[in-house]
Amino acid sequence: NAGVTQTPKFQVLKTGQSMTLQCAQDMNHNSMYWYRQDPGMGLRLIYYSASEGTTDKGEVPNGYNVSRLNKREFSLRLESAAPSQTSVYFCASSFYGYTFGSGTRLTVV
Amino acid sequence: TQLLEQSPQFLSIQEGENLTVYCNSSSVFSSLQWYRQEPGEGPVLLVTVVTGGEVKKLKRLTFQFGDARKDSSLHITAAQPGDTGLYLCAGGKTNAGKSTFGDGTTLTVKP
């Protein structure tokens, strides 16, 4: 019962480096999401995809891009990492409630 | 933007005590979910409520959706250390649409 799988679990980047966070779900959900979670600021939506082939901006999309590769996979890319992007990133899929992955802890130095 | 306010922000109690946390909004939601998040993990869905006035029970946890579908409460009876975590409410559409999350209540239950 994998649910939502995120990789990597931890990552340290230097300012200006790029990386892609991977996410896959095995529940056949149409909708997938990327959130970031920061102390005192709760969960903030970065991007979401209501169905395969569609993506939309959330509350804090600047500095990020996404790709809905197929129904299972939804990736998040940081093109030029900044210290302000230090956070915990969660991928989720939903059908009458969210199923979250275990998160990626990203530090940008 | 539909805002959800949770209170209290922090709660520290002794094992065996009862507690209630609240989730309030000025907006009407089609559904409301409660999640629990433990350190180092993602939030885990506890319950979804969809009908105004609905009450759901999950062992020692009781969830209520307000009659006007603008607020919700979570009551825990005889809290245990295993209940420690961040409790998040989220409101949105009934089907697979995006939800708005509250900032959470951090609960610590001391043995």
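Located above this text is the structure these notes cover.
What you see is a predicted model; the values in this text were computed from it and never measured.

### Some words on the interface of chain B and chain A
Now for step 1: Across the boundary between the two partners, chain B contributes 18 residues, which contact 20 residues of chain A.
Now for step 2: Together chain B and chain A conceal approximately 1,500 Å² of surface at their shared face, both sides included; 58% is due to carbon and sulfur atoms.
Now for step 3: Viewed at the interface, chain A and chain B are joined by 0 salt bridges.
Now for step 4: Grouping the constituent residues of the side of chain B that touches chain A by class yields 7 nonpolar, 8 polar and 3 charged.

### With respect to the environment of B:His75
Residues and elements named next belong to chain B.
Now for step 1: Take His75: it is sitting in strand S8 (residues 71–76).
Now for step 2: When the C-alpha atoms of His75 and Gly91 are compared, they prove to be 18 Å apart, with 16 residues separating the residues in sequence.
Now for step 3: Side-chain polar atoms of His75 contact the backbone oxygen of Leu19, separated by 3.1 Å.

### Here we look at the nonpolar core
Now for step 1: Within the largest apolar cluster, 21 residues are counted, with the highest numbers of intra-cluster contacts made by B:Leu19, B:Leu32, B:Trp34, B:Phe63, B:Leu74, B:Ile76 and B:Leu107.
Now for step 2: Elements represented by at least two residues in this core include exactly strand S3 (19–24), strand S4 (31–37), strand S5 (44–49), strand S7 (61–65), S8, strand S9 (85–92) and strand S11 (105–110) of chain B.
Now for step 3: Residues in contact with B:Leu107, not counting those within four places in the same chain, are B:Leu11, B:Ile13, B:Leu19, B:Ile76, B:Asp83, B:Thr84, B:Gly85 and B:Tyr87.
Now for step 4: The next biggest cluster of nonpolar side chains, apart from the first, holds 20 residues, and it includes A:Met19, A:Val60, A:Cys91 and A:Leu106.

Calculation notes
- Residues numbered from 1 in each chain as written.
- Chains lettered and ligands numbered in written order.
- Predicted model: local features only at pLDDT ≥ 70, side-chain atom pairs only at ≥ 80, totals over all residues.
- Heavy atoms only, no water.
- Contact = heavy atoms within 4.5 Å.
- Buried area = accessible area lost by both parts, 1.4 Å probe.
- Salt bridge = Lys/Arg side-chain N within 4 Å of Asp/Glu carboxyl O.
- Nonpolar A, V, L, I, M, F, W, Y, C, P; charged D, E, K, R; others polar.
- Helix = DSSP H or I, 4+ residues; strand = E, 2+ residues; numbered from the N terminus.
- Polar contact = N/O pair within 3.5 Å; in protein donor to acceptor, adjacent residues only side chain to side chain.
- Core = buried A, V, L, I, M, F, W, Y, C linked by side-chain atoms within 4.5 Å.
- Buried < 20%, exposed > 50% of the residue type's maximum accessible area, 1.4 Å probe, protein only.

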